[in-house]
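# Summary of the model geometry
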Amino acid sequence: MDRMLYVAMSGAKQAMEQQASVANNMANASTPGFRAQINSFRAVPVTDGGPEASTRSYVVATTPGADFSHGPLTETGRALDVAVHGDGWLVVQTPDGGEAYTRVGNLQVNAEGQLTTMGGRAVLGDAGALVVPPGSAVSIAANGLVTARGAGDPAIGIAEVGRLKLVNPPTADLVRGADGLFRMREGLPPAEADAAVTVTTGAVEGSNVNGVEAMVAMIANARSFEMQMKAMRTADDNAQSANKLLAYG
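Because the structure is predicted, anything quoted here is derived from the model rather than measured. (Residues numbered from 1 in each chain as written. Predicted model: local features only at pLDDT ≥ 70, side-chain atom pairs only at ≥ 80, totals over all residues. Heavy atoms only, no water.)

### Focus: the pattern of salt bridges
Summed over the entire model, instances satisfying the criterion amount to 7 salt bridges. Here E99 ties to K165 by a salt bridge, and the two come within 2.9 Å at their closest N and O atoms. Within this pair, whereas E99 is found in strand β6 (residues 99-102), its partner K165 is found in the loop between β13 (159-163) and β14 (166-167), the two being separated by 66 residues in sequence. Residue E99 is classed as partly exposed on the basis of its relative accessible area, which comes to 24%. The shortest N-O distance in the salt bridge between R121 and D179 comes to 3.5 Å. Note that R121 is positioned in the loop between β8 (115-117) and β9 (124-125) and D179 in the loop between β15 (174-176) and β16 (182-184), a separation of 58 residues in sequence. Given the relative accessible area of 36%, D179 is considered partly exposed. (Salt bridge = Lys/Arg side-chain N within 4 Å of Asp/Glu carboxyl O. Helix = DSSP H or I, 4+ residues; strand = E, 2+ residues; numbered from the N terminus. Buried < 20%, exposed > 50% of the residue type's maximum accessible area, 1.4 Å probe, protein only.)

### What about the packing of aromatic side chains?
Here the structure, examined in full by the defined rule, presents 3 aromatic pairs. With centroids separated by 6.0 Å and ring planes inclined at 85 degrees, the aromatic side chains of F68 and W89 adopt a geometry described as edge-to-face. One end of the pair, F68, is in the loop between β2 (57-66) and β3 (73-75); the other, W89, is in strand β5 (residues 89-93), with 21 residues separating them in the sequence. Classification of W89 by relative accessible area gives buried; the value is 4%. (Phe/Tyr/Trp six-rings, centres within 6.5 Å; stacked < 30°, edge-to-face > 60°.)

### Description of the confidence of the model for the protein
For the protein, the mean per-residue pLDDT works out to 84, and 85% of the residues sit at or above 70. Within the protein, β2 has the poorest average pLDDT of any element, 65, and β14 the best, 96. (pLDDT = per-residue confidence, 0-100.)

### Some words on the side chain of T94
Its location among the elements puts T94 in the loop between β5 and β6. Discounting residues that sit within four places of it in the chain, T94 has contacts with E99, A100, R121 and R183. (Contact = heavy atoms within 4.5 Å.)

### Side note on the sheet that holds strand β12 (residues 145-149)
One open sheet holds the 3 strands; their spatial order is β11-β12-β13, and the pairing between them is antiparallel. Of all the strands in the sheet, just β11 (137-140) and β13 have a single pairing partner and so form its edges. On average, each strand axis in the sheet is inclined to that of its neighbour by 25 degrees, with strand direction left out of account. Judged from the 4 bridges that link them, β12 and β13 form a sheet pairing that is antiparallel. Note on β13: the bridge partner recorded for V146 is G162. (Pairing = 2+ DSSP bridges. Axes fitted to C-alpha atoms, helices over the stretch in contact; angles between N-to-C directions.)

### Concerning the nonpolar core
L107, L115, I140, V146 and L164 are the most contacted members of the largest nonpolar core, which has 20 residues in total. If near-sequence neighbours (up to four positions away) are discounted, I140 is found in contact with A79, L80, V82, L107, L145, V146, L164, V199 and T201. In terms of nonpolar packing, the next biggest core, distinct from the first, is built from 10 residues, A66, Y101, L124 and L174 among them. (Core = buried A, V, L, I, M, F, W, Y, C linked by side-chain atoms within 4.5 Å.)

### A word on the pairing of β5
Counting buried residues in β5 gives 4 out of 5 residues, a clear majority hidden from the surface. The pairing of β5 with β14 spans 2 bridges and is antiparallel. Bridge pairing links W89 to V167 in β14. As paired strands, β5 and β6 are joined by 4 bridges and run antiparallel to one another. Bridge pairing in β6 links L90 to T102.

Written out as structure tokens, the structure reads:
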């Protein structure tokens, strides 16, 4: 039996799955610090338990990694906004007590005085979570040093809260989680702090998604899906014509 129908069906299914990934990139084109997901197709030979068919192959949509290029910087003037300068990551705490890495630098101080991301993830320093005295004005230096000054305190009364833990592990060792945060691959220890990583204060890094490229990819995937559906209809027409020949043969 000709496997054309199944090959076209697999192509249509994978085109839909890749379209979902591209749509996710498009939806995060304005998300601070977002890293675009790289999408590609991989051919899988049709074997069916026997020798490979040279004229038939299934296709699988794969996401081999993320685009780690830098996004544009936007000046905000806000004291708690930081953008990692060049390569590197901020470290946040995960619900299970582990570490994860992000480029999202629009920070805040929650009701408990913890320095967190806008998503509520505690930002980690070299010695753990950073806690700011209530009512203090917080500032962050280029080297990640976090200081706080209480209302009415003189400049010499600035207290050091801690230093942001800034890391720069090899991108090949990172894997994106379902929550959008990056973690070290299974079996690898947490990344060590890197003193060479610095931040720019009063600015946030935008998404590195190119909206035009994402739109073109969505159109290409839609046309690929239509082509696969046409192939499925052709396979069905061929089968019906063959059945008629056999019926009247």
